[in-house]
Amino acid sequence: MKFFLNKAFIIILFVFVSSAKAEIYESKYDVSSSGLKIGHFVWTLEIKEGLYKTKINLENSGIFSPLYKFKGEYSAQGKVFNNNFKAEVYTQDWRVKKKSKKVNILFYEKGVDVRQEPNEKEHARINFDDLKLHFDPITSFINIIKGHKFAQTIDGRRIYTMKRIEDINSKKITLEIENYTNIWADHKRNDVKKIEFITNEENFLPLNISVFFKERKFVLKKK
């Protein structure tokens, strides 16, 4: 009897701990440009026992799909400590028409390791060992949502800083892109100008996200 009671207690404790500490968020967005729907965007985030996993799926949809064919899968995972999300692994698989690009970034205390398919023909213009306090784009965004004033970011092709600017009269937060450097090219052209998002009281993930490029604006509106 004692054996079965102990076993039952262990099972109950395991179930309680596993479920009590898990936070799972998911948001689905329609993606539009110039007022036309061109795709959908799904963002999930799971936080459990000091660890996190997050994933984004982006794909063309709507009547204009034949004109804008694309599909992207992005994921990151790492540790959560004192309200800080610290990346350990980031993966990206982007496909458009007949081209594809895979990126895998490993984050260490000493710096980062970037691996890509197909491999870059150019040499890196930066020293990856200098990037000790950098995060992938998703983790940087999460840290900004959590209240960080800035986040140093690497996405495989560029490094830059996301700087948070709040509108005290609304729930809108603007992310300015600063200190932009291309890893594999000599120029410092930056197509992304800023990102705006509206905070969500009912769900950790934003209500709406707007990405401003030089010549175009993409809007992600929560379904």
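Definitions and limits used
Residues numbered from 1 in each chain as written. Predicted model: local features only at pLDDT ≥ 70, side-chain atom pairs only at ≥ 80, totals over all residues. Heavy atoms only, no water. Helix = DSSP H or I, 4+ residues; strand = E, 2+ residues; numbered from the N terminus. Buried < 20%, exposed > 50% of the residue type's maximum accessible area, 1.4 Å probe, protein only. Contact = heavy atoms within 4.5 Å. Areas by Shrake-Rupley, 256 points an atom, 1.4 Å probe, with all protein chains shown as cover. Salt bridge = Lys/Arg side-chain N within 4 Å of Asp/Glu carboxyl O. Pairing = 2+ DSSP bridges. Phe/Tyr/Trp six-rings, centres within 6.5 Å; stacked < 30°, edge-to-face > 60°. Lys NZ or Arg CZ within 6 Å of the ring centre and 35° of its normal.

Q: I'm lost on the overall build of the protein chain in this one. Help?
A: Across its full length, the protein chain holds two helices and 13 strands. Buried residues in the protein chain amount to 39% of all 223 residues. For the protein chain, restricting intrachain contacts to residue pairs at least 6 apart in sequence, the fraction spanning at least 24 positions comes to 39%. Approximately 14,000 Å² of the protein chain is accessible, and the part contributed by carbon and sulfur atoms is 55%.

Q: I tried to follow the pattern of salt bridges on my own but got confused; where do I start?
A: Oppositely charged side chains can pair when the atoms bearing their charge come close. Enumeration over the complete set of coordinates arrives at 14 salt bridges. Glu88 is the partner of Lys79 in a salt bridge, and the nearest nitrogen-oxygen pair spans 3.8 Å. On the accessibility criterion, Lys79 (46% relative accessible area) is partly exposed. Residue classification places Glu88 among the partly exposed residues on the basis of a relative accessible area of 31%. The shortest N-O distance in the salt bridge between Glu120 and Lys101 comes to 3.4 Å. Here Lys101 lies in strand 6 (residues 99-107) and Glu120 lies in the loop between strand 7 (112-117) and helix 2 (137-145), a separation of 19 residues in the sequence. In this structure Glu120 comes out as partly exposed when scored by relative accessible area, which is 25%. On the basis of relative accessibility, which here comes to 15%, the residue Lys101 falls in the buried class. Linked through salt bridges whose partners overlap, the residues forming this network are Asp30, Lys37 and Lys223.

Q: Looking at this model, I keep getting lost on the pairing of strand 4 (residues 70-81). Mind explaining?
A: Two faces belong to every sheet, and in a regular strand the side chains alternate between them. Relative to strand 4, strand 3 (residues 51-60) runs antiparallel, the two being bridged by nine bridges. In the strand pairing of strand 4, Glu59 is matched with Lys71. The sheet contact formed by strand 4 and strand 5 (residues 84-96) spans twelve bridges and is antiparallel. In the strand pairing of strand 5, Phe70 is matched with Val96. Between strand 4 and the antiparallel strand that follows it, strand 5, lie two residues; Asn82 among them carries a positive phi value of about 50°.

Q: Could you clarify how one ought to interpret the packing of aromatic side chains in this entry?
A: Two measures describe an aromatic ring pair: the distance that separates the ring centres and the angle between the ring planes. Within this structure, the stated rule accounts for nine aromatic pairs. Between Tyr52 and Phe85, the ring centres sit 5.1 Å apart and the planes meet at 70°, which makes this aromatic pair edge-to-face. Residue Tyr52 is located in strand 3, and its partner Phe85 is located in strand 5; the two are separated by 33 residues in the primary sequence. Like Phe85, Tyr52 is buried. An aromatic cluster is built from Trp43, Phe141 and Phe197, whose rings are joined through pairwise contacts. Positioned above the aromatic ring of Tyr108, the side-chain terminus of Lys110 is 5.9 Å from the ring centre. Above the face of the Phe212 ring, Lys194 is positioned so that its terminal group lies 4.8 Å from the ring centre.

Q: Explanation requested: unusual backbone geometry in the structure shown.
A: Negative phi characterises most residues that are not glycine, and trans characterises most peptide bonds. The omega torsion across Glu117 and Pro118 is -5°, close enough to zero to call that bond cis. Following the sequence through the fold, Pro118 ends up in the loop between strand 7 and helix 2. Phi angles above zero are rare outside glycine, and Glu49 is one such case at about 50°. Tracing the backbone through its elements, the reader meets Glu49 in the loop between strand 2 (36-48) and strand 3. Residue classification places Glu49 among the partly exposed residues on the basis of a relative accessible area of 46%.

So yeah, pure geometry; function would need other evidence.
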